[in-house]
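# Report on the structure
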Amino acid sequence: MAEKRQGLFSRKKNKDSSAAPAKQRKVAKQFQPLQDNAGKKPEPGRGSFSQSLKNFIMCGKAAEKEDTNKFGYRPTDLSTASIECAEMSNYVVKADQVPEMVRIMHQRLASPETADVRLFMNILRMAEEHPTGVVLTLLRCAPTCDRAAVMMWRTIGSSSPTVEKVLPTLICVMEDWPVHSMFTSDGDDTDVFALAATLVLWVIIQVPKCQEATHNYAPCLLVALVVQICDSTVHSSEEVDTFWKQCQEEHHLNTNPSRFAVQTMKALLCRLRCDNVVMEMGRKHGWDTLLCADTQHYAVGLLARVMRRDFVPLCSRIALHLLGLLSMEGHRWDLPFLAFLVEVLECLDLKECSDSVLEIMSRYLQNECRERRRLALRGLVVLSKDPSMARRMGTVSQRLVDVLGDADGEVVRMSLSVFMNVLQYKNILVGREKLLVRSFLLPFLQDNSHMQLLSTQLFEKVMDLVVDEGKKPLKRIVSQSLLPLFLHCHEENQRVAEASMKTLHCATGFLKKRGLKQLVKKEKLPKFGKCLLAEDTSRAAEQLRRALRYLESPQEPLREAAIRFMGVAGRHLRGQPGELQLICSALEELANDSCLSVRSLALQTLHIVRAVATVQYSILENLDHQLRRVWKTWLRVSGLGYLCCWSSAQR
């Protein structure tokens, strides 16, 4: 085995250590274990042990006495021979000695002389006792991970407990781009390249015995690799490029830093027995997507979905780690973190982390970035399906309402979906009835049929759930919704039309308008518009302005329904030339409509409205008109106004 090792090294032998290996082998043969019985004479091994300790002392310098029971001397200099001594296992290595010892070990392995097996045992022992010092020193003295360093790292990788101790430091270095700065016991704070730590991780995970340790630290390692992939893709520098060229020459690599980080992630997943994740990501071009700065969060989301199928426990651990990172505001790579977290929320035990999850989603709901808002809403949609979480979402209802006015239709749709899940529990309505009902009308006025369907369903649900004391402030808002609901009953989308009809029936019942409710129940929609205007002619102008926007609808049935309603409204606006002129201007624009039926109906209605506008009222007719308005107002206030519409419904 010694002959095989000798062939790995090409550096020249140090003159100062030429005689050391031979002498050390001779000393090692004479060594015997220490005896507990102090009464016996010292055995030959005792003398060799003293000789080994003397190798730690620099020639020509006095030895320093140390407060220790076993040993009378503290080494002031470290020789090549001393680091291969079997007796070193009994020697307490001080933290300030670690950097120098690591450098000597590295030099010894880099020499052409065959290293004693005890050297590797001492490497393991020192890495277990002083993991941070060993990792940082070795990264500094061999940043490109030369052959001697590879042997040291593989030695460390052969012991799972030792790997567990060095991984936290490696992860810490990997997450700092482009360099990590930390003092070692000798005061050295030389910057360490983050890529150097990734290179070391790549070496360690090739050792099969490291599997248990990498499994225990898998969440931190995967997140650290995501950070490095994102950093190396977006942020590059001449310093990093120069360092990486040296690594390429040392290890014959033909990849750039970001691709190498991806390769390391693949190797780690394979070590974790997630080979199918690697293959599925490749099949869906996920690795290439991860290397593009604009699509990295999509790729991380895809990785989460692929892992979620077969590795739920691992996904849960990664999610918990990400919760800790996202709880601290301002992380530079929060977008890919959020993308992963949203995909694996179902893997979490929400009883343990519900507060932090809800706080994070609520915070990102207000973010200016559209992608972050979308991800937060996707997370809230998932959370709202859990009964315990849905009951607690009253705290974010105001922020959800604010989002309903967003120009992004997908954001509005998801907000409505959250409300649909949450409104199964009445407690969210307390004190928010008016706000919610008004907000649900906003998406209803958009042209997206899916959002209109959700909006009508939510509107109906709120009216069903609201308690008696909350009805009074809602009546005016619900009354304003009657005309939009009536017009949407003419939707081409049958599901939206049916939902609008059902909600209109609920709204008329909520307002206790029996006549209108009967018309809706019997589907006598042509008479509904007339009765709605006849019930309160003083609001004809207000209703007219609501109908005007529907003249721009892309759906022909909606435009035709709006024109008919405006024709009826025109008859109630006699003596109001300004409002009549508004109707005429709108209808004139429709005279050139692409649809023949709309064009024809607009011209007919325009003729009727112009005729109404030219009719002159006599004094008696004006008086009669005013008396009728007063009478109808009194009937409405006294609660008898439904009789007029009731008689129309019966006919």
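Within each chain, residue numbers correspond to sequence positions counted from 1 in written order. Predicted model: local features are reported for residues with pLDDT of at least 70 only, side-chain atom pairs are reported and counted for 80 or more only, and whole-chain, interface and lining totals are derived from all residues. As a rule here, side-chain values come from all non-hydrogen atoms in the structure, and water together with hydrogens is ignored.

It is worth spelling out the environment of Leu458 at this point. For Leu458, the position within the fold is in helix H25 (residues 449-465). Between buried and exposed lies partly exposed: a residue is buried under 20% and exposed over 50% of the maximum accessible area for its type, with that area taken using a 1.4 Å probe on protein chains only. A relative accessible area of 0% means that Leu458 is categorised as buried. Between the C-alpha atoms of Leu458 and Leu416, which are 42 residues apart in sequence, the distance is 7.7 Å. Helix and strand definitions here come from DSSP, where helices need a minimum of 4 consecutive H or I residues and strands a minimum of 2 consecutive E residues; each element is numbered from the N-terminal end.

Next up on the list: helix H18 (residues 334-343). Of all 10 residues in H18, 10 are buried; the element is thus mostly enclosed. When checking whether two residues touch, look at their non-hydrogen atoms; a contact exists if any pair is within 4.5 Å. In this fold, the buried residues of H18 make contact with helix H11 (218-234), helix H16 (296-310), helix H17 (312-326), helix H19 (350-364) and helix H20 (370-384).

Turning our attention to the pattern of salt bridges. We define a salt bridge as a contact between a side-chain nitrogen of Lys or Arg and a carboxyl oxygen of Asp or Glu at a distance within 4 Å. The tally for this structure, following the rule as stated, stands at 25 salt bridges. In this structure, the salt-bridge partner of Glu129 is Arg125, at a minimum N-O distance of 3.1 Å. Placement of both Glu129 and Arg125 in helix H5 (residues 117-129) is noted, with a separation of 4 residues, approximately one turn of the helix. In this structure Arg125 comes out as buried when scored by relative accessible area, which is 16%. In this structure, the salt-bridge partner of Lys513 is Glu535, at a minimum N-O distance of 2.8 Å. Taken together, the positions of Lys513 in the loop between helix H28 (494-510) and helix H29 (514-521) and Glu535 in helix H30 (residues 525-535) put the pair 22 residues apart, joining distant regions of the chain. Given a relative accessible area of 14%, Glu535 falls into the buried group. Taken together, the salt bridges that share partners define one network made up of Glu280, Arg283, Lys284 and Arg309.

What follows covers the nonpolar core. Nonpolar cores are built from buried Ala, Val, Leu, Ile, Met, Phe, Trp, Tyr and Cys residues. Side-chain atoms within 4.5 Å join them into one set. Counting 141 residues, the largest nonpolar core has Trp153, Leu380 and Leu383 as its most contacted members. Top contributing element to this core by residue count: H11, with 10 residues. Setting aside residues up to four positions removed in sequence, Trp153 forms contacts with Val135, Leu138, Leu139, Cys145, Val200, Val203 and Ile204. Core analysis: the next-biggest nonpolar cluster, separate from the first, contains 52 residues, Leu525, Leu533, Ala541 and Cys595 among them.

Any Phe, Tyr or Trp ring, taking Trp's six-membered ring, that has another such ring centre within 6.5 Å forms a pair; planes under 30 degrees apart are called stacked, those over 60 apart edge-to-face, and the others tilted. Scanning the model with the defined rule gives 4 aromatic pairs in all. Ring centres of Phe486 and Phe528 lie 5.3 Å apart, and the angle between their planes is 25°; this geometry places the pair in the stacked category. Linking Phe486 in helix H27 (residues 482-488) with Phe528 in helix H30, this pair joins segments that are 42 residues apart in sequence. One aromatic cluster is present, formed by Trp202, Trp244 and Phe260 through successive ring pairs. Distance and angle both matter: a charge sits over a ring if NZ of Lys or CZ of Arg is within 6 Å of the ring centre and within 35 degrees of the ring normal. The residue whose ring lies beneath Arg549 is Tyr550, and the NZ or CZ to ring-centre distance is 5.1 Å.

Attention now goes to the confidence of the model for the protein chain. On average, the protein chain scores 79 in pLDDT, and the residues at 70 or more come to 76%. Per residue, pLDDT captures the predictor's confidence, and it can take any value from 0 to 100. Here residues 1-78 is modelled with pLDDT under 50, and outside its nearest four sequence neighbours on either side it reaches 96 contacts, counting other chains as well. Under a pLDDT of 50 for its full length, residues 640-651 has, in the predicted model, 19 contacts with residues more than four places off or in other chains.

To continue, consider the packing of H18 against H19. In contact at an axis separation of 13 Å, H18 and H19 are set at 125° when each is read in the N-to-C sense. Here H18 lies oblique to H19, going by the angle between them. Between H18 and H19 the crossing geometry is left-handed. Each of Asp334, Leu338, Leu341 and Val342 in H18 lies in contact with H19, whose residues at this interface are Ile360, Met361 and Tyr364. For this classification, the nonpolar set comprises Ala, Val, Leu, Ile, Met, Phe, Trp, Tyr, Cys and Pro, the charged set comprises Asp, Glu, Lys and Arg, and every other residue, Gly included, is treated as polar. By residue class, the composition of the contact of H18 with H19 is 6 nonpolar, no polar and 1 charged. Axis definition: a line fitted to C-alpha atoms, limited for helices to the stretch in contact. Angles are taken between N-to-C directions and run from 0 to 180 degrees. Under this scheme an angle from 65 to 115 degrees is roughly perpendicular, one under 35 degrees roughly parallel, and one over 145 degrees roughly antiparallel; angles in between are oblique. Less than a right angle of anticlockwise turn of the near helix away from the far helix marks a crossing as left-handed, whereas a clockwise turn marks it as right-handed.

So, on to a positive patch on the surface. Surface patches are defined over residues having more than 30% relative accessible area and no salt bridge, joining like charges when they lie within 9 Å and nonpolar side chains (Val, Leu, Ile, Met, Phe, Trp, Tyr) when within 5 Å. Only the protein chains shown count as cover for residues, and the accessible areas themselves come from Shrake-Rupley with a 1.4 Å probe. Positive charges come from Lys and Arg alone, negative charges from Asp and Glu alone, with His and the N- and C-terminal ends not counted. Charged side chains are reduced to one point each, which is NZ for Lys, CZ for Arg, CG for Asp and CD for Glu. Positive charge collects at one region of the surface, where Lys472, Lys475, Lys512 and Arg514 lie side by side. Along the chain, Lys475 falls in helix H26 (residues 475-480).

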